[in-house]
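In case you want the letters, here they are:
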Amino acid sequence: MRIGMPLNYSGGFKETVDDLATYEKAGLDIVYVPEAYSFDAVSQMGFIAARTERLEIASGILQIYTRTPTLTAMTAAGLDFVSDGRFTLGIGASGPQVIEGFHGVPYHAPLGRTREIVDICRQVWRREKVQHEGKHYRIPLPADQGTGLGKPLKIINHPVRDRIPIMIAAIGPKNVELVAEIAEAWQPIFYLPERAAEVWGEPLAAGKAKRDASLPPLDVVAQAPLAIGEGLDDLLDFARPHVALYVGGMGAKGKNFYNNLARRYGFEAEAELIQDLYLSGKKEEAAAAVPRELLEKTSLVGTASHVKERLAALKESGVTTLNVTPLASDAAGRAKLIEQVKQLATDA
């Protein structure tokens with residue numbers, strides 16, 4: 001099981017990147033760089049590539065609506081080049097509030113667009129003349145839609161790899177089926193191992209049945225807060241505002257993917273209450289309403305033996321990469337947690 005962590009630079013971006021060398025020595029395998037409606041992830045990943053040696057770097061995630069497919073492929077090839085083949089392209093649909101509210105782009109057809117983007121990216125990386133006749137993207141642009149001067153082109157540079165790993169963030173059944181069919185890696189959110197088969201088993205199986213034999217086994221990337229020791233139950237509350245934000249506030253009534261996931265996990269009444277409270281401005285009450293069971297089962301917080309048990313459950317459910325948020329006050333403490341979870345994962 002690989003150990004990764006999301007880049008959280010609330011204490012300063014350059015300071016956090018300086019610490020990555022320490023985490024790398026502690027056994028960290030991969031760092032995920034987010035891009036919600038913050039600074040762009042691409043410039044940050046280039047900076048990280050220059051400051052690390054072994055650490056893999058992943059976008060976690062680039063939204064599919066905000067760049068053309070070809071630019072996404074060029075960007076991935078460039079990051080793979082400057083990192084000497086250490087880049088993973090993480091993509092996802094995000095949500096209508098961000099895509100339409102921040103970028104001013106219509107949010108529609110996420111599945112169809114994702115499939116076409118993956119196909120176009122892989123054409124670019126193979127240095128083929130890019131030609132695509134899809135429902136959402138047509139390359140070159142047809143003459144009746146432009147000047148008529150477009151012609152098939154291939155990327156000038158030679159990419160380091162002709163198959164850069166693609167990770168897709170997805171939680172809906174149809175999205176997960178698509179990921180299992182076409183991607184190298186899958187990143188769900190709020191992954192609860194005991195209920196993963198019930199919620200995602202069928203779409204994963206359906207997608208894998210159509211999976212190209214040239215693709216490796218699907219890398220399943222689960223996320224969890226991490227703290228190891230005695231008397232740490234209060235740290236479970238660290239995740240309450242985050243869960244409440246997603247389950248309660250990331251979308252409108254009936255259009256919140258994360259709220260739907262909580263319901264599919266069996267927390268129907270709790271999910272409705274969290275959303276009602278959050279959308280009425282009662283954010284603290286919404287956080288307090290997050291079920292403790294959901295926090296416990298999606299976290300790695302507790303004694304070493306407890307964390308080892310949770311790691312075993314994650315492994316058994318199919319998780320191959322663990323994306324942890326070490327709950328420590330300084331870099332030395334976070335490095336120690338990375339070392340500990342790396343060893344426990346090996347032993348689990």
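An account of the accompanying structure is given in this report. From a predicted model like this one, the values you see are computed outputs, not experimental measurements. Counting from 1, residues in each chain are numbered in the order their sequence is written. Reporting in this predicted model follows two pLDDT cut-offs: at least 70 for local features of residues, and 80 or more for side-chain atom pairs to be given and counted; totals over whole chains, interfaces and linings ignore these cut-offs and use all residues. For side-chain calculations, the full set of non-hydrogen atoms in the structure is used, while hydrogens and water are omitted.

**Observations concerning helix α9 (residues 257-264)**
We call a residue buried when its accessible area falls under 20% of the maximum for its residue type, exposed when it is over 50%, and partly exposed in between, using a 1.4 Å probe and counting protein chains only. Starting at the N terminus, helices and strands are each numbered in turn, a helix being any DSSP run of H or I of at least four residues and a strand any DSSP run of E of at least two. The set of residues buried in α9 consists of Y258, N259, L261 and A262. Seen from one end, α9 has its buried residues packed into an arc of 155°, which puts them on one side. The elements touched by buried residues of α9 are α7 (193-209), α8 (240-249) and α10 (268-279). With a side-chain oxygen lying 2.9 Å from the backbone nitrogen of Y258, the N-terminal cap of α9 falls on N256. At the exit of α9 stands G266, carrying a positive phi of roughly 110°. Summarising the geometry, the arc corresponds to the directions from the helix axis toward the C-beta atoms. Note on contacts: a residue pair qualifies if any of its non-hydrogen atoms lie within 4.5 Å across the two residues. Polar contacts, as counted here, are pairs of nitrogen or oxygen atoms within 3.5 Å of one another; within protein the pair requires one atom able to donate a hydrogen and one able to accept it, and residues that are adjacent in sequence qualify only if both atoms are side-chain atoms.

**With respect to the nonpolar core**
Proteins that are soluble and globular tend to have nonpolar side chains buried together. To qualify as a nonpolar core, a set must consist of buried Ala, Val, Leu, Ile, Met, Phe, Trp, Tyr and Cys residues joined through side-chain atoms within 4.5 Å. Core analysis: the largest hydrophobic core is formed by 98 residues, its most contacted members being W125, W186 and W200. The element contributing the most residues to this core is helix α14 (residues 331-347), with seven residues. Excluding residues within four positions of it along the chain, W200 makes contact with I171, V176, W186, P188, I189, Y191, L261, R264 and Y265. Counting residues in hydrophobic clusters, the runner-up holds six residues, among them I30, A58, M167 and A185.

**Remarks on empty space enclosed by the protein**
Here the idea is plain: a probe the size of a water molecule rolls over the atoms and shows the empty space left. In the cavity and pocket records, a cavity denotes points on a 1 Å grid over the protein atoms alone where a 1.4 Å probe fits but cannot get out, a pocket denotes an open set with protein on both sides within 12 Å along at least 5 of 7 lines, and lining residues are residues with an atom within 4 Å of a point. Grid points are joined across faces, edges and corners, and a volume is the space filled by probe spheres set on the points. As enumerated under the stated definition, the model contains one cavity of 30 Å³ or more in all. Within this model, the largest cavity holds a volume of roughly 60 Å³. Y191, P193, Q223, A224, K297, T298, S299, L300, R310 and L314 together form the lining of the largest cavity. Only β10 (219-228) and α13 (304-317) provide two or more residues apiece to the lining of the largest cavity. Partitioned by chemical class, the residues of the lining of the largest cavity number five nonpolar, three polar and two charged. Asp, Glu, Lys and Arg are counted as charged, while Ala, Val, Leu, Ile, Met, Phe, Trp, Tyr, Cys and Pro are counted as nonpolar; the rest, among them Gly, fall into the polar class.

**Quick word on the packing of helix α2 (residues 41-51) against helix α3 (residues 69-82)**
Only C-alpha atoms enter the line fits that serve as axes; for helices the fit covers just the stretch in contact. Angles between N-to-C directions range over 0 to 180 degrees. One can describe the packing of α2 onto α3 by two numbers: an axis separation of 9 Å at closest approach and a directional angle of 15°. Taken together, the axis directions place α2 and α3 in an arrangement best described as roughly parallel. In this structure, α2 meets α3 at a crossing whose hand is right-handed. Counting all contacts with α2, which are made through V42, M45, G46 and A49, the residues of α3 involved are T75, L79 and V82. A class-by-class count of the residues in the contact of α2 with α3 yields five nonpolar, two polar and no charged. Here the word oblique covers every angle except those under 35 degrees (roughly parallel), over 145 (roughly antiparallel) and from 65 to 115 (roughly perpendicular). Handedness of a helix crossing follows the sense of rotation of the near helix relative to the far helix, less than a right angle counterclockwise being left-handed and clockwise being right-handed.

**Some points on the layout of surface pockets**
The space that makes up the second largest pocket amounts to roughly 340 Å³. Forming the boundary of the second largest pocket are 18 residues, of which M74, V124, K154, I155 and I156 lie nearest the centre. Here the lining of the second largest pocket gets five residues from one element, more than from any other, and that element is α3.

**Description of the packing of helix α1 (residues 13-26) against α14**
One can describe the packing of α1 onto α14 by two numbers: an axis separation of 8 Å at closest approach and a directional angle of 25°. Classified by the interaxial angle, the pair formed by α1 and α14 is roughly parallel. The handedness of the crossing between α1 and α14 comes out as right-handed. In this structure, α1 contributes D19, T22, Y23 and A26 to the contact, and α14 contributes A331, R334, A335, I338 and E339. Looking at the contact of α1 with α14 residue by residue, the classes come out as five nonpolar, one polar and three charged.

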